[in-house]
Amino acid sequence: MDGAAGWSRMLDDLENRFDAERRAQIAAQSVESAAADAALIRLVDRLRGRVGQQIRLRTRCGNDVDGVLAQMGDGIALIDEPDGLQAVVPLASIALVTGLAAAAPDPRRSSRATLATVLRELGRRGSRVRLAMPAGDVVGRIVRVGADHVDLLDAAVAGRPARISVAFAEIDLVRSR
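Q: Honestly, the overall build of the chain in this entry has me stumped. Any pointers?
A: When helices and strands are tallied, the chain shows three helices and ten strands. In the chain, the order of α-helices and β-strands from amino to carboxyl end is α-α-β-β-β-β-β-α-β-β-β-β-β. A fraction of 50% describes how many contacts in the chain between residues 6 or more apart in sequence connect residues 24 or more apart. On the chain, roughly 10,900 Å² of surface is accessible, and the fraction owed to carbon and sulfur atoms is 52%.

Shown next as structure tokens:
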């Protein structure tokens, strides 16, 4: 080494390497922190960020829903579709969603509406509904809503009205006007 100047260059070099390592560690921690934050965001949180906006989704049974996400309830998404149709999609039925924002929204943007409360309101209004299910669609008017099922009066069975009970767990999508 060349005296004081050599020592100074060596110390500067060490300090630069330590700074570079420190910046690399901070960057790595930042990436880990962002990944950990993202791991806590649920699909429902991202959907809440789209309330009032256009949304496109497909249910596990292949039903496409395209419209304005009107409201997020407790376990359901309420979507206003074109031509006056409305869709109620149980969150468990959502297979894929197109175009969600990456950020988590304000969690206060949801309501306490559940599948049962929405079905009760549709029944009170006398609305005809279509229940899409893996076993096939059922169309009719809601006559009763239980804790885990809904009863419809369906005119499609042998040409005569028949009361049909449908388990909530089997409902992929509810459509009504």
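So that's the structure; there's more coming.
Q: Explain helix α3 (residues 115-125) here, please?
A: Owing to its 3.6 residues per turn, the α-helix brings residues three or four apart onto one side. Within α3 the residues assigned to the buried category are Leu115, Ala116, Val118, Leu119 and Leu122. Summarising the axial view, the buried residues of α3 lie within an arc of 165°, below the 170-degree limit, and thus occupy one face. Of the exposed residues in α3, those oriented more than 90 degrees away from the buried face are Arg124 and Arg125. The positive-phi residue at the C-terminal boundary of α3 is glycine 126, with phi of around 75°.

Q: I'm lost on unusual backbone geometry in this one. Help?
A: Residues other than glycine predominantly adopt negative phi, and peptide bonds predominantly adopt the trans conformation. The phi angle at aspartate 83 is positive, at roughly 65°, despite the residue not being glycine. Mapped onto the fold, aspartate 83 is located in the loop between β3 (76-80) and β4 (86-90).

Q: Could you clarify how one ought to interpret the pairing of strand β1 (residues 54-59) in this entry?
A: Regular strands show a simple pattern: their side chains alternate between the two faces of the sheet. Taking every second residue as pointing to the same face, the buried face of β1 carries Ile55, Leu57 and Thr59, while none of Gln54, Arg56 and Arg58 on the other face is buried. Where β1 hands over to strand β2 (residues 64-72), the hairpin turn is made up of four residues, of which glycine 62 adopts a positive phi near 90°. The pairing of β1 with strand β5 (residues 94-98) spans four bridges and is antiparallel. The residue of β5 that forms the bridge with arginine 56 is threonine 98.

Q: How do you make sense of the pattern of salt bridges when you look at a structure like this?
A: Side chains that differ in sign of charge can pair as their charged atoms come close. As enumerated under the stated definition, the model contains eleven salt bridges in all. Residue arginine 163 pairs with aspartate 151 through a salt bridge whose shortest N-O separation is 3.2 Å. Here arginine 163 is found in strand β9 (residues 160-167), whereas its partner aspartate 151 is found in strand β8 (residues 149-157), with twelve residues between them in sequence. A network of salt bridges, in which partner residues are shared, links Glu121, Arg124 and Arg125.

Q: Sorry, what's going on with the nonpolar core here?
A: The nonpolar side chains of soluble globular proteins are, as a tendency, buried together. In terms of nonpolar packing, the biggest core is built from 22 residues, with Leu119, Val150, Ile171 and Val174 touching the most fellow members. If you list the elements that add at least two residues to this core, you get β3, α3, β6 (128-132), β7 (138-145), β8 and β9. No other element matches the five residues that α3 contributes to this core. Those residues within four positions of valine 174 in sequence are excluded, and the remaining contacts are Gln86, Ala87, Val88, Leu115, Leu119, Leu122, Val129, Arg130 and Leu131. Leu69, Ala87, Val89 and Ile94 belong to the second-largest nonpolar core, a separate cluster that totals 17 residues.

Scoring rules and cut-offs
Residues numbered from 1 in each chain as written. Predicted model: local features only at pLDDT ≥ 70, side-chain atom pairs only at ≥ 80, totals over all residues. Heavy atoms only, no water. Helix = DSSP H or I, 4+ residues; strand = E, 2+ residues; numbered from the N terminus. Contact = heavy atoms within 4.5 Å. Areas by Shrake-Rupley, 256 points an atom, 1.4 Å probe, with all protein chains shown as cover. Buried < 20%, exposed > 50% of the residue type's maximum accessible area, 1.4 Å probe, protein only. Arc of directions from axis to C-beta. Pairing = 2+ DSSP bridges. Salt bridge = Lys/Arg side-chain N within 4 Å of Asp/Glu carboxyl O. Core = buried A, V, L, I, M, F, W, Y, C linked by side-chain atoms within 4.5 Å.

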